[in-house]
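The lines below spell out each chain.
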Amino acid sequence: MKKVLKYFKENPIVALLLAATLVMGVSVENFASWGNLSNLIANTTIRFVIALGVSGCLITKGTDLSAGRQVGLAGCIAGILIQRGDYTGRVSPFPEMNMWLILLIVVVIGAFIGYLNGTVISRLHVPPFIATLGMQTIVYGICLVVTNAQPIGGFQQKYIDVIAGRWGNPREFNLPHLLVVMVIMGCIFWFIYNKTTHGKYMYAIGGNEVAAEVSGVNTGRSLRLIYMTAGIMYAIAGYLLAAKSGGASSGLAQGYELEAIAGCTIGGVSTTGGIGTVSGVLIGVLVFELLKIILQFLGVNPYYNYVVQGLVIVIAVALDIRKYVKKK
Amino acid sequence: MSEYTLEMRGVSKSFPGVKALDNVQLKLKPGKVHALMGENGAGKSTLMKCMFGIYTMDEGEIYIDGEKAEIHNPMDALNKGIAMVHQELQPIPARTIGENIYLGRYPMKKVLGFIKVVDHQKMYEDTAALLERVHMNFDPKQKEGELSVSQMQSVEIAKAISANCRVLILDEPTSSLTQNEVDALFRIVNELKEEGVAIVYISHKMDEILKISDEVTIMRDGKYIGTWDAKGLTNDFIITKMVGRELSNLYPQRNNKPGETVFEVKDFTSINPKSFRDVTFGVKEGEILGVAGLVGAQRTELMEGLFGIRSHTKGQILYKGKEIHVNRPKDAIDQGIAMLTEDRRGSGILGVLSVADNISVASLKKYLKHNLYIDDSKVEQLVKDNVEKMNIKTPSSKTQIQSLSGGNQQKVLVGRWLANDPEVLILDEPTRGIDVGAKYEIYCIIEELAREGRAVIMISSEMDELIGMSDRIMVMCDGRVTGFVEGEDMTQEKIMSLATQFE
């Protein structure tokens, strides 16, 4: 109990939003429903996958602004390749493909983009902010070329059923298939961050890159691996998101990088480097999704969502920095 | 009117894990040079930073002309006529000398009667006058980054003077100056004295202190030891007061026998023509090779070159007779070489990470199970062994290393390297910023490393420490090795004469 209180004291945003959720659950009709929970889990999973990708960049004092657009590109490519053979608006030049092969293809593309990010950052020493900002625009351009700025639909039903399906009765208790992804990804990342040399090196680089290099860590290789992993996560997220949305367009996942960074920061990943846990990322993303649902149920004009989300990001980082800027 | 220009009373200041100042006092008289002495880590710089408003005192008061003064930041200090030349200079290299001097208080003028702009003409004229006063013949519009360290120091002094200060703090001003520059500095100091400025002079150089100062205050371990009239003080008296015990038991007994040469360097030359060049030396098993030199002698650069942190153009490194190629730290580490870097904060500790993470980072591959994941119990064992062996004081293995004291941080870093069982250890200023008690412990650890048959290369700027610990001392000057001294020849005078053999 004391631990929980201490956690809330150190993470006031989490405490505040959980309190708001409780209040909403008690006072607003339909807020505490199985359907809502299931939606929350599905939405959280996709953001969680993206946030896990970004978390490595943040822990090493970097960032990845190309995340959202990479998710979008992966979603569009997956969307094109997954189109039914008999779909009239079909744009895919290839015959109908197996959905898992398509996942593999987008993952390879994502890994390549991420590796490019990592290379520019580690070999050309371009600050991550700039390198990934450039990549954001490049990827968006590619996405426009690939889709010809047209929305993509007509997906294989199996793809939608497997990814976006649910177990249970949709009117009563039900859980989304995506929950499995959340659990598996969480476990994999927990293992990487806590148990492998790569994870330890990642924290070491975030703690002090020069010291890590002096201690024999191949910091360049670690960074490339981190950005590449991030790219893979965005690709997976894009693949999942397209199925969940039932369609894709070049605007898919726009701005998701900021949501992911916000989720990480709310969850205690420090922008000053070296600090962050997988459980923290999950809590951060979950809380951020709760915020969105609360705003929606309160009937706030959706355009204001951006205003609120932006504020939360800045406040979260300000609170985080406050922990480390000690009084002289 | 008080007889003191500035008085500090009962000053205390704590940092996490260290009490840096404990009830310290300092009284400055107008027109006098007041030397502040003490070992590294005695709290001199901290006291000055409290006076200058960089740190906030936990307890204590400052009186200026007998009246209580509140100083919360450097701007307050400057407004009250206190100026400081910092030990570590922080100029803005891409801006001109004039802009550096007048940063934050540019002379202004009005254009068209209402738009305030910087009056560059006045700024550069004033700068030229100031530079003349500190006997520097420079163009005020020259970029600060083009100056040498000593020249930047002179600019800093010019900046301090420009504030029309009544109290001037000089924190180790001569550590990087040549004799001519020191003379020039002393001339300026004497001129300021005549104008009634109270000067605080921090230095380790005994002869300078006795030459320039009127009064001496000595500190030790953050405590005030006493204030004496400089006349009639002797070196021995000052050292005894500074160290607080007899010099004889400052260093552990040495009884190791150096064996075969394990590490040899031939014609090692930096890619930077101003840095180390044509360096040739060797270290034997179980030997402690001291490396002496003035600031700017390129000792650190040489060692970082050998460890692959910096690049070299030519030269050979032989390890046990075989040539090895070192292009990055990992190459050296893989061969069994370790290096404790000079800048503990900058390139040593992983601040926000735990003691366990810090101690294991260079040897993580050793704790892998099934070549896949790290066995935490092995890391715990490593921490436990080191905590016991080196008497590291830490609440737990999960404690953030930055909350430990400097000495304990250093021990953790030594432990990091020992985990790899290296045969050659390069220690760059291993006791810098460490309090006296912990220093002796570090010395004992170094002595033990040599006794175990490891070759130790130790850079130090503290002459006593080098002489007390080394079997042999290599002296560098301006990037070159100017000689080796051994046995009876290891005296301050011999080393200084080699260290000042400029070409």
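In the block above lies the structure referred to throughout.
Note that the structure is predicted; figures quoted are calculated from it, not measured.

1. Quick notes on the packing of aromatic side chains
Residue and element names in this part refer to chain A. What the rule picks out here adds up to 13 aromatic pairs over all chains. Summarising the aromatic geometry, the rings of W34 and F173 are spaced 4.9 Å apart at their centres and angled 90 degrees between planes, so their arrangement reads as edge-to-face. One end of the pair, W34, is in helix α3 (residues 34–59); the other, F173, is in the loop between β1 (166–168) and β2 (174–176), and 139 residues separate them in sequence. The partly exposed category is assigned to W34, whose relative accessible area is 44%. Ring-pair connections join several aromatic residues into one group, and the members of that group are F155, Y159 and Y239.

2. Here's the deal with a nonpolar patch on the surface
A grouping of Y304, V307, L311, I315 and L319 of chain A is seen on the molecular surface, where their side chains present a nonpolar patch of about 460 Å² in accessible area. Relative to the elements of secondary structure, Y304 of chain A occurs in helix α14 (residues 302–324).

3. Some thoughts on empty space enclosed by the protein
Residue and element names in this part refer to chain A. Throughout the structure, instances matching the rule amount to six cavities of 30 Å³ or more. The space that makes up the largest cavity amounts to roughly 110 Å³. Lining of the largest cavity is provided by E10, N11, P12, I13, V14, T265, I266, G268, A316, L319, D320 and K323. Counting residues per element, the ones that place at least two in the lining of the largest cavity are α2 (12–27), α12 (256–266) and α14. With four residues, α14 is the largest single contributor of residues to the lining of the largest cavity. Of the residues assigned to the lining of the largest cavity, the class counts are six nonpolar, three polar and three charged.

4. Thoughts on the environment of K205 of chain B
All names here are of chain B. Tracing the chain through its elements places K205 in the loop between β10 (198–202) and α7 (206–212). With a relative accessible area of 31%, K205 lands in the partly exposed category. A C-alpha to C-alpha distance of 24 Å links K205 and I457, two positions 252 residues apart in sequence.

5. Quick notes on the layout of surface pockets
All names here are of chain A. Each pocket or cavity is described by its volume, and for the second largest pocket that value is around 680 Å³. Along the walls of the second largest pocket sit 28 residues, with R47, E259, K292, Y306 and Q309 positioned nearest its centre. Where the lining of the second largest pocket is concerned, the elements lending two or more residues are α3, α11 (219–245), α12, α13 (278–297) and α14. A per-class count over the lining of the second largest pocket returns 12 nonpolar, 10 polar and six charged.

6. Some thoughts on α3 of chain A
Residue pairs three or four apart in sequence face the same way in an α-helix, which turns once every 3.6 residues. Residue and element names in this part refer to chain A. Compared with an ideal rise of 1.5 Å per residue, which puts 26 residues at 38 Å, α3 spans 35 Å between its outermost C-alpha atoms and is within 8% of the ideal. At G53, α3 shows its maximal kink, close to 25 degrees. With 21 of 26 residues buried, α3 lies mostly within the body of the structure. Phi turns positive, to about 70 degrees, at K61, one or two residues after α3.

Conventions we followed
- Residues numbered from 1 in each chain as written.
- Chains lettered and ligands numbered in written order.
- Predicted model: local features only at pLDDT ≥ 70, side-chain atom pairs only at ≥ 80, totals over all residues.
- Heavy atoms only, no water.
- Phe/Tyr/Trp six-rings, centres within 6.5 Å; stacked < 30°, edge-to-face > 60°.
- Helix = DSSP H or I, 4+ residues; strand = E, 2+ residues; numbered from the N terminus.
- Buried < 20%, exposed > 50% of the residue type's maximum accessible area, 1.4 Å probe, protein only.
- Patch = residues over 30% accessible without salt bridge, like charges linked within 9 Å, V, L, I, M, F, W, Y side chains within 5 Å.
- Areas by Shrake-Rupley, 256 points an atom, 1.4 Å probe, with all protein chains shown as cover.
- Salt bridge = Lys/Arg side-chain N within 4 Å of Asp/Glu carboxyl O.
- 1 Å grid on protein atoms, 1.4 Å probe; cavity = no way out; pocket = protein on both sides within 12 Å on 5 of 7 lines; lining within 4 Å.
- Points joined across faces, edges and corners; volume = space filled by probe spheres on them.
- Nonpolar A, V, L, I, M, F, W, Y, C, P; charged D, E, K, R; others polar.
- Expected span 1.5 Å × (residues − 1).
- Bend = angle between axes of the 7 residues up to and from the residue.

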